[in-house]
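Geometric and topological summary
Below are the chains, spelled out letter by letter.
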Amino acid sequence: MKYFLYIYGCQMNISDAERIEAVLGSLGYNKTKLCDDADLVIFVTCSVRQSAEDRVWGIVRNLNRLRSKGKKLKVILTGCMALRKEVVRKMTGVDIFLDIKDLNKLPQLLGIKPGKEEIESYLSVKPKYENKFTAYVPIMTGCNNFCAYCIVPYVRGREMSRSPQEVIKEVKELIKKGYKEIILLGQNVNSYAPELKIQSSELRTRSKNSKLLKITDFPDLLEYIAQLSGNFWLSFLTSHPKDLSDKLIEVIAKNPRICPYINLPVQAGDDLILKKMNRKYTVKQYKLLVKKIRKSIPEVAISTDIIVGFPGESKKQFLNSVKLFKDMKYDMAYLNQYSPREGTASAKMKDTVSHAEKERRDKELDKVLNKTALAINKKLVGKVLDVLVERKGKSDLWLAKTKTFKVVKFTSDKNLLGKFVKIKITKAKSFGLEGDSVDSLNSI
Ligand code: SAH
Ligand code: SF4
Ligand code: F3S
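Reference entry: report on the structure contained in this document. (Residues numbered from 1 in each chain as written. Chains lettered and ligands numbered in written order. Predicted model: local features only at pLDDT ≥ 70, side-chain atom pairs only at ≥ 80, totals over all residues. Heavy atoms only, no water.)

1. Notes on the sheet that holds strand β18 (residues 432-439)
Short version of the rule: Think of it this way: DSSP has to see at least two bridges between two strands before they count as a pair. Only DSSP runs of H or I reaching four residues or more are called helices, and only runs of E reaching two or more are called strands; each is numbered from the N terminus. Structural elements are reduced to axes, namely lines fitted to C-alpha atoms, with helices fitted over the stretch in contact, and the angle between N-to-C directions of any two is expressed from 0 to 180 degrees. Contacts are assigned to residue pairs that have any heavy atoms within 4.5 Å of one another.
Taken in spatial order, the five strands close into a barrel running β14-β15-β16-β18-β17, and their pairing is mixed. Across the sheet, the mean angle from the axis of one strand to that of its neighbour is 50°, orientation sign disregarded. Each of β17 (420-429) and β18 is contacted by helix α14 (residues 355-378), which is oriented at about 125° to β17, the strand it contacts most.

2. Describing the sheet that holds strand β13 (residues 332-337)
In spatial order, the strands read β11-β12-β13; together these three strands make up an open sheet with parallel pairing. Only two strands of the sheet have a single partner each, and these edge strands are β11 (261-263) and β13. Between one strand axis and the next, the sheet turns through 10° on average, direction left out of account. Relative to strand β12 (residues 301-308), β11 runs parallel, the two being bridged by three bridges. Note on β12: the bridge partner recorded for N263 is S303. Of the strands in this sheet, β12 and β13 are in contact with helix α13 (residues 315-328), which crosses β12 at around 170°. Sheet strands in contact with α14 are β12 and β13, and its direction is about 175° off that of β13.

3. Some words on the site of ligand 2
This is how the line gets drawn: For this purpose, a residue is taken to be near a molecule or strand whenever a single non-hydrogen atom of the residue falls within 4 Å of it. All amino acids are sorted into three groups, where Ala, Val, Leu, Ile, Met, Phe, Trp, Tyr, Cys and Pro are nonpolar, Asp, Glu, Lys and Arg are charged, and the leftover types, Gly among them, are polar.
Taken together, C143, N145, F146, C147, Y149, C150, V152, P153, Q187, H240 and R279 make up the full set of residues adjacent to ligand 2. When grouped by side-chain class, the residues that make up the shell around ligand 2 number seven nonpolar, three polar and one charged.

4. Quick look at helix α2 (residues 50-68)
This is how it is decided: Multiplying 1.5 Å by the helix residue count minus one yields the expected span of that helix. Note on exposure labels: buried denotes an accessible area under 20% of the residue type's maximum, exposed denotes more than 50%, and partly exposed covers the range between, all computed with a 1.4 Å probe on protein chains only.
For α2, which comprises 19 residues, the first-to-last C-alpha distance of 27 Å matches the rise-based estimate of 27 Å (1.5 Å per residue) to within 8%. Turning to α2, its buried residues number three or more, namely A52, E53, V56, W57, I59, V60, L63 and R67. Tucked inside the fold, the buried residues of α2 contact β1 (2-7), β3 (40-45), β4 (74-79) and α3 (85-90). Two residues or fewer after α2 comes G70, characterised by a positive phi angle close to 110°.

5. Overview of the packing of aromatic side chains
Our working rule: Stacked, tilted and edge-to-face are the three classes applied to pairs of Phe, Tyr and Trp rings, where Trp contributes its six-membered ring and a pair requires centres within 6.5 Å; stacked means planes under 30 degrees apart, edge-to-face means over 60, and tilted covers the rest. Over a ring means this: the NZ of a Lys or the CZ of an Arg is within 6 Å of the ring centre and within 35 degrees of the ring normal.
Summed over the entire model, instances satisfying the criterion amount to twelve aromatic pairs. Where Y6 meets F43, the ring centres are 4.9 Å apart and the plane angle is 5°; that geometry is what we call stacked. A residue pair is termed long-range when its members are at least 10 positions apart, and Y6 in strand β1 and F43 in strand β3 qualify at 37 residues. Across the pair, exposure class does not vary: Y6 and F43 are buried alike. Grouped by ring-pair contacts, the aromatic residues F4, Y6, Y8 and F43 constitute a single cluster. Over the aromatic face of F232 sits the side chain of R257, whose NZ or CZ is 4.2 Å from the ring centroid.

6. Notes on the site of ligand 1
Selection criterion: Polar contact is the term for a pair of N or O atoms within 3.5 Å; when the atoms are in protein, one must be able to donate a hydrogen and the other to accept it, and sequence-neighboring residues count only if both atoms are side-chain atoms. Surface accessibility in these figures is a Shrake-Rupley result with a 1.4 Å probe; residues are shielded only by whichever protein chains are displayed.
Within the structure, ligand 1 sits among 15 residues, and Q187, Q267, D305, N336 and S339 are positioned closest to it. The contact in question runs from a nitrogen atom of ligand 1 to an N or O atom on the backbone of Q187, over 2.9 Å. Here an oxygen atom of ligand 1 sits 2.9 Å away from a polar atom, N or O, in the side chain of N336. For ligand 1, the accessible surface in isolation is 540 Å², of which the surrounding protein chains cover 89%. Contributing elements (two or more residues each) for the shell around ligand 1: β12 and β13. For the shell around ligand 1, the per-class residue count stands at five nonpolar, six polar and four charged.

7. A look at the nonpolar core
For clarity, the cut-off: The set of buried Ala, Val, Leu, Ile, Met, Phe, Trp, Tyr and Cys residues whose side-chain atoms join them within 4.5 Å is what this entry labels a nonpolar core. An automatic or database domain assignment supplies the residue ranges for each domain.
With 70 residues, the main nonpolar core has L184, L222, I225 and I293 as its most contacted residues. Broken down by element, the residue count for this core peaks at six residues, all from helix α9 (residues 218-226). Residue assignment places this core across two domains, with domain 2 (131-259) and domain 3 (295-378) each supplying three or more. Among residues more than four places away in sequence, those in contact with L222 are L184, L234, F236, L248, V251, I252 and I258. In terms of nonpolar packing, the next biggest core, distinct from the first, is built from 22 residues, C35, C46, W57 and V94 among them.

8. Structural notes on the pairing of β13
Rules: Whether a crossover is right-handed comes down to one check: with the strands pointing away from the viewer, does the path from the first strand over the helix to the second run clockwise; if it does, it is right-handed.
For β12 and β13, the ladder comprises six bridges, and the chain directions are parallel. Paired with I306 across the strands is L335, a residue of β13. A crossover links β12 with its parallel partner β13, the connecting element being α13, and its sense is right-handed.

Everything listed is a geometric property; what it means functionally is a separate question.
If you want it as structure tokens, here you go:
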């Protein structure tokens, strides 16, 4: 039996897909690179914007056409769309709508006897990691913030944190396997709140390790992992500005293993829009936070997410976003055109900004971003940076990333995949660097 996998959306979906693959593998399914060869097609979906959902609808319709011509195929839809009642009600041709939290029920749903092991929570399923040197490790799922535009709290449910013991165990195994980069994942990592209760006997034996039990929040967990021995980088996604604490800044500043990269979504540069979005901070507070971060972590790269065309966003309010972009000088930004999502608070507000105007605002921010990112990157020319080699390009070309998540191109005739290398930067673009390999030391 062969399966084909479609993955949309955020890193959490990439990580979920690795757990789905592990379960399918244990049931004897093999992955295929051609959808046409598959007996089973799985969609790991995203609902954050309508466009992401539309693509899935299109492919499911095509598969239905193939099936009406006699192709035998099972379709599973999981991820965030599977939790939208409207999708489940209207989409035909899907055999199983799977709530990812019910991953343990997948064998039964496929009519296969489950393995011996009972899976407690889906996050305790051991993933089949896609990559041999970079691994995503979810530390929490869900969201309690209810930003007015956002569907995530409705589809992912309330915040749930994994126990530090479970997270640390997964990370230790990855380090042992030689993983070079660990990325801790959560919709809002700073809301990480492990239960303090010690339940199982396993935890009781571990309780001797008093350090472990002192993990009560995200900075504790991050610092604990940063101090494990091994040769790896550590980073995390994503931080809500209202929850990023001084303690976290301190932990990043004093642990060189933690990547100086912070994704700090601002969403809007205007106080009234921020209020309507239910973001719970002002532009001034956000700026102060960025200032504090830059002061404590001078080499930091900051990226953001922003929405253009939120209901009622006037030209003047949009210009406040432009101004903020100029002020903040972001390294990177994810620009999003507002898309109303059924069931969210802002879906009830009038979508006043036209598609063309959203497009224009998107482009205007993109221009500012290109300029600030280029200016920052130009300062790196001549410097020697540690990079992790991620991909091979054509002939001797390699693609690597810096500790600040910037792409670096360089050439070498050695196989450097998954290795740390020192690169002297020779050229800078807005979203990329070029350089020459200084040596190929396999150490940080
Ligand atoms: N937890 C993260 C965001 C997760 S969603 C945070 O709090 O920042 C990823 C991004 O999608 C958001 O940062 C936002 O910019 C964008 N987004 C969410 N809902 C959207 C919508 N309805 N329309 C357009 N963009 C949206
Ligand atoms: Fe969505 Fe806001 Fe939660 Fe982020 S913090 S996932 S934008 S509701
Ligand atoms: Fe999309 Fe769900 Fe992630 S809506 S962004 S896949 S949490």
